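Results of the structural survey
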Amino acid sequence: MNKKIVIISGAIAAVILVFIVVKFAAGNRHSQGNNRQSLRPVSAESAKARDLESQGNIAGARGEYQRLIGEIPNSREVLAWQRKVEDLNLKLLFSPAITPKSVEYEIKPGDSLDKIAKDYKTTVELIKKSNGLVSDNIFPGKKIKVWTVPFNIFVDKSQNILLLKSNDEIFKSYVVATGLNNCTPVGTFKIIEKIMNPPWYKPGVVIPAGSPENILGTRWMGLTKEGYGIHGTTKPESLGTQATAGCVRMANTEVEELYSIVAVGTEVTIVD
């Protein structure tokens, strides 16, 4: 029952996101030739959010954009506001600012970044990004920010969209490529391995990392469904289509971002 609820709520979120895209596109077409006039209310509506962001109040600006989305869902700017929310989500995530989904952790003797990451089901990369750490060396007594709420991933094959979610809230959305002829498997899986700059094993040959022929790009996150995973690409033009042998394909910069955020064990739900 819980898995069904997760799938249903994820599907609803994806549908809402697609609806937002359609409404925004329609609004843009309607407003062509009248851009100056259409920008006046947009400026007034988002002025507070932009002021908060310029003052460095990222959490406040994010909350204001969320308020606008909730109160003015038919605005032609709603997609832009959603993108701002996602951008600010990442700024908060990668900053030392403590949020309701993170804690200030004091490093203890015997700690390592790997140990802390495993204890909190997060990643070493995320801890380093959030705290501006350039190496794995840490010292007792230092206080660092650690993310505490697990992420999950939802992939909608019909829209070729991947949603990074936290507590069923859309944290960030990505355009992806899925399997040709709808061959990407449907279900709930988990990430069981993560590989930077993966080689691609083809029958009888190994394509090394960095080769233009290596379709896995710069990152691989293998799933509990053997042979399937989320990875980068050497064919970014395929994103937004069904083009893969069954895996979920992302732009290299975006899969690197996702790789740094999600830990081994992260749940991945894929729906038609």
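Whatever comes next refers back to the structure up there.
All values reported here derive from a predicted model rather than from experimental measurement.

Adjacent strands of a sheet form backbone hydrogen bonds with each other and so pair up, either parallel or antiparallel. The eight strands are arranged β5-β4-β3-β14-β7-β10-β11-β13 in an open sheet whose pairing can be described as mixed. What marks the edges here is a single partner per strand, and that holds for β5 (169–175) and β13 (248–249). Taken together, the five bridges between strand β7 (residues 187–196) and strand β10 (residues 219–223) define a ladder with antiparallel strand orientation. By the bridge assignment for β10, Ile195 is matched with Trp220. Helix-sheet contacts for helix α4 (residues 78–93) involve β3 (151–156) and β5, and the interaxial angle to β5 is about 105 degrees.

So, on to α4. Between its terminal C-alpha atoms α4 stretches 22 Å, which fits the 22 Å expected from 16 residues at 1.5 Å a residue. Taken as a whole, α4 has its buried residues at Val78, Leu79, Trp81, Gln82, Val85, Glu86, Leu88, Asn89, Leu90, Leu92 and Leu93.

It is worth spelling out the packing of helix α3 (residues 58–71) against α4 at this point. Their axes nearest at 9 Å, the elements α3 and α4 cross at an angle of 155 degrees. With respect to each other, α3 and α4 are oriented roughly antiparallel. Handedness of the α3/α4 crossing: left-handed. Of the residues in α4, those in contact with Ile58, Ala59, Ala61, Arg62, Tyr65, Gln66, Leu68 and Ile69 of α3 are Val78, Trp81, Gln82, Lys84, Val85, Leu88, Asn89, Lys91 and Leu92. For the contact of α3 with α4, the class distribution of residues is eleven nonpolar, three polar and three charged.

Once that is clear, we can look at the nonpolar core. One recurring pattern in soluble globular proteins: nonpolar side chains tend to sit buried together. Ile153, Leu162, Leu164, Ile230, Leu258 and Val262 are the most contacted members of the largest nonpolar core, which totals 27 residues. Elements with a minimum of two residues in this core: α4, β3, β4 (161–166), β5, β7, β10, α7 (252–261) and β14 (267–271). Element by element, the count of residues in this core is highest for α7, at four residues. Beyond its immediate sequence surroundings of up to four residues, Leu164 is in contact with Phe151, Asn152, Ile153, Glu169, Ile170, Phe171, Lys172, Tyr174, Leu258, Ile261 and Val262. In this structure, Ala49, Leu52, Val78 and Trp81 belong to the second largest nonpolar core, which totals twelve residues.

Here we take up the environment of Asn182. When you line up the elements, Asn182 lands in the loop between β6 (178–179) and β7. Here the alpha-carbon distance between Asn182 and Ala245, two residues 63 residues apart in the chain, equals 9.5 Å. With residues up to four places along the chain from it excluded, the contact list for Asn182 reads Lys157, Gln242 and Asp272.

Moving on: the packing of helix α6 (residues 124–131) against α7. The interhelical angle for the contact between α6 and α7, taken along N-to-C directions, is 100 degrees, at an axis separation of 6 Å. Of the possible angle classes, the one that applies to α6 and α7 is roughly perpendicular. Touching Glu125, Leu126 and Lys129 of α6 are Tyr259, Ser260 and Ile261, all from α7. Considering only residue class, the contact of α6 with α7 consists of three nonpolar, one polar and two charged.

Conventions adopted
Residues numbered from 1 in each chain as written. Predicted model: local features only at pLDDT ≥ 70, side-chain atom pairs only at ≥ 80, totals over all residues. Heavy atoms only, no water. Pairing = 2+ DSSP bridges. Helix = DSSP H or I, 4+ residues; strand = E, 2+ residues; numbered from the N terminus. Contact = heavy atoms within 4.5 Å. Axes fitted to C-alpha atoms, helices over the stretch in contact; angles between N-to-C directions. Expected span 1.5 Å × (residues − 1). Buried < 20%, exposed > 50% of the residue type's maximum accessible area, 1.4 Å probe, protein only. Parallel < 35°, antiparallel > 145°, perpendicular 65-115°, else oblique. Left-handed = near helix turned anticlockwise from the far one by under 90°. Nonpolar A, V, L, I, M, F, W, Y, C, P; charged D, E, K, R; others polar. Core = buried A, V, L, I, M, F, W, Y, C linked by side-chain atoms within 4.5 Å.

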